[in-house]
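So the chains spell out like this:
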Amino acid sequence: STTRAEIQSKGLGLAAKRSLPLGADHLGTFGLNVRHRSQDEQRNTALKDESSERNVAIWGQDEWQLSKAHTLTPGLRIESIDNRTLTTLGQTNSISATNLLPSLHWVWRVDGTMNLRASVAQTQSQPGVSQITSVITESTGTNSLVNPDRAGNPSLRPERTTTLQLGLERFLKDKRGSGGLNLFVRDTRDKILNQTLEETVLGATRFVVRPVNAASARDISLVLDFKLKPK
C-alpha cells in the first residue's frame, strides 16, 4: 500500500509566575500556564482530519517556614482542558474538563548533611486527540492480533493520579555531591490501557486496538540517585 500524509500544525505556549513574601514566615508563588495546539492532517487526498488541544492552568503555593528545620508547602492547581477532533466524515469528538488538583510538601532539614521529604499530590492526564477520534486506521499488511487496525475511544475518561513520595537526601562534605533515596506510590483511577478486540469493519471482521479505561492501578517505585564532584 502507498500512503501520503501531509500534516500542518500550529502551537502556542505561555508560562509566567510571580513570588512574593506573605508575612515573615510565608513565601507565596503564583503561576499561569497556557498551551494551545491545532493540527490538520491530509491523507491520500481524500481523508482530512482536524484537531485542537487547549490547556489553561492557574496555580499557587505557599512556602511556610514553620521553623528553621521544617518547611510546609501547600499548593492548588486549577486546570481547564479542551480537546477536539473533526473527521472527514463530519464526526466530532471532544473532551472538556476543569479540575482542582491539590498538593502538600514537607521538608525536614535534620542537620546540615541530611534532609527528609514527604509529599502528596494529585495530577490528571487528559486523553490526547488521537485517543478520542472515532476513525479507524487500517493496518499495513495482513490484519492480525499483532498487527491490528488502530482507533480511538470517544468515551475515554481522563486518568487521575494521587502520588505519595517519601525521600531521604544526604549531602557530602565541602559540597562534593549528594545521594538520594525516594519511594513513590501512585494510585491511578481510570488508567488508560490499550485493548485489542475483533470488530466488524465494513462487513469484515478485523482486529482493532483502542484505548480503554481500567478500573484502577497502583505503581510502586524506588529511585536511588547519586551525584559526585571528583574535584
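Residues numbered from 1 in each chain as written. Predicted model: local features only at pLDDT ≥ 70, side-chain atom pairs only at ≥ 80, totals over all residues. Heavy atoms only, no water.

Novice: Tell me what's going on with the sheet that holds strand E11 (residues 204-213), and back it up with residues and numbers.
Specialist: Across the sheet, 3 strands lie side by side as E7-E11-E10; this open sheet has mixed pairing. Of all the strands in the sheet, just strand E7 (149-150) and strand E10 (192-201) have a single pairing partner and so form its edges. With 2 bridges joining them, E7 and E11 adopt parallel strand pairing. What sits directly across from arginine 150, in E11, is valine 209. (Pairing = 2+ DSSP bridges. Helix = DSSP H or I, 4+ residues; strand = E, 2+ residues; numbered from the N terminus.)

Novice: Give a detailed account of the pattern of salt bridges, specifying residues and quantitative values.
Specialist: Enumeration over the complete set of coordinates arrives at 8 salt bridges. A salt bridge links arginine 84 to aspartate 82, with the shortest nitrogen-to-oxygen separation between them at 2.9 Å. Relative accessible area serves as the criterion here: at 38%, arginine 84 is assigned to the partly exposed category. Judged by its relative accessible area of 11%, aspartate 82 is buried. With its nearest N and O atoms 3.0 Å apart, the salt bridge here joins arginine 117 to glutamate 169. Here arginine 117 is found in strand E6 (residues 114-125), whereas its partner glutamate 169 is found in strand E8 (residues 159-171), with 52 residues between them in sequence. According to the relative accessible area criterion, arginine 117 is partly exposed, its value standing at 35%. Judged by relative accessible area, which is 24%, glutamate 169 ranks as partly exposed. (Salt bridge = Lys/Arg side-chain N within 4 Å of Asp/Glu carboxyl O. Buried < 20%, exposed > 50% of the residue type's maximum accessible area, 1.4 Å probe, protein only.)

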